[in-house]
Amino acid sequence: MNYVGWAIVALIGYTALPPLVSIATQDIPDTVAALVANGMLVVAALAVTMYEGEQVVPYLTSDKAPYMYLAGVFLAIGILAYYRALATGPVSVVVPIFGLFIATSSILGIAFLDEPLTARKAAGIGFALVAIYLTAVE
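For the structure given in this document, a descriptive report is provided here. (Residues numbered from 1 in each chain as written. Predicted model: local features only at pLDDT ≥ 70, side-chain atom pairs only at ≥ 80, totals over all residues. Heavy atoms only, no water.)

Concerning helix α1 (residues 3-24)
Worth spelling out the cut-off: Helix numbering and strand numbering both begin at the N terminus, where a helix is a DSSP run of H or I of at least 4 residues and a strand a DSSP run of E of at least 2. Helices are assigned an expected span. That span is 1.5 Å times one less than the residue count. Fitting axes to the seven residues ending at a residue and to the seven starting there, one defines the bend at that residue as the angle between these axes. The classification of residues rests on relative accessible area computed with a 1.4 Å probe and restricted to protein chains. Under 20% of the type maximum is buried, over 50% is exposed, and intermediate values are partly exposed. Any two residues whose heavy atoms approach within 4.5 Å at even a single point are treated as in contact. In the analysis that follows, any N or O atom pair within 3.5 Å is treated as a polar contact, provided that within protein one partner can donate a hydrogen and the other can accept it, and provided that, for residues neighboring in sequence, both atoms belong to side chains.
Its 22 residues place the ends of α1 31 Å apart at the C-alpha level, agreeing with the 32 Å of an ideal helix rising 1.5 Å per residue. The largest bend in α1 is about 25°, located at leucine 17, with the proline proline 18 one to four residues further on. Burial in α1 covers these residues: Gly5, Pro18, Val21 and Ser22. Buried residues along α1 sit against α3 (65-88) and α4 (91-99). Residue asparagine 2 occupies the N-cap position of α1, its side-chain oxygen lying 3.0 Å from the main-chain nitrogen of valine 4.

As structure tokens, this is what we get:
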């Protein structure tokens, strides 16, 4: 499967996640829900890594390892905050605000990874910002 297929699979997974977390956290603390759900992610990632025969240890000290560790820190902050927001606010407001990462990550890619900024990308980022504002602000 190519990257578009994987992106569609990710879309389906992330579409189901927020409503399920919102329902679960009506009775379960958000940190427990995050621990269990993301624990399942760790188990699944370990299973795929083992299935594909990938080594882990050599990459722990790679030149790019600090980026991997920093990504983990930001992921932990982002996911814990996302679960807390889903536990305390409406999905229809939390998800669009969280979804703003699409635009902000694109901006970081353009600013720091030398990705091209085209008129189409700029318009897309602008429309994304407008769409999130219209969706999230009540």
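Let's talk about the pattern of salt bridges
In plain terms, the rule: For this analysis, a salt bridge means a side-chain nitrogen from Lys or Arg found within 4 Å of a carboxyl oxygen belonging to Asp or Glu.
Per the counting criterion, the structure on display carries one salt bridge. Here aspartate 30 and arginine 84 are joined by a salt bridge, their closest N and O atoms 2.8 Å apart. Of this pair, aspartate 30 sits in helix α2 (residues 30-51) while arginine 84 sits in helix α3, and the two are 54 residues apart along the sequence. The exposure class of arginine 84 is partly exposed, given its relative accessible area of 44%.

Points about the side chain of serine 22
Mapped onto the elements, serine 22 comes out in helix α1. Relative accessible area serves as the criterion here: at 18%, serine 22 is assigned to the buried category. Apart from residues lying up to four places away in sequence, serine 22 is in contact with Leu86 and Val91.

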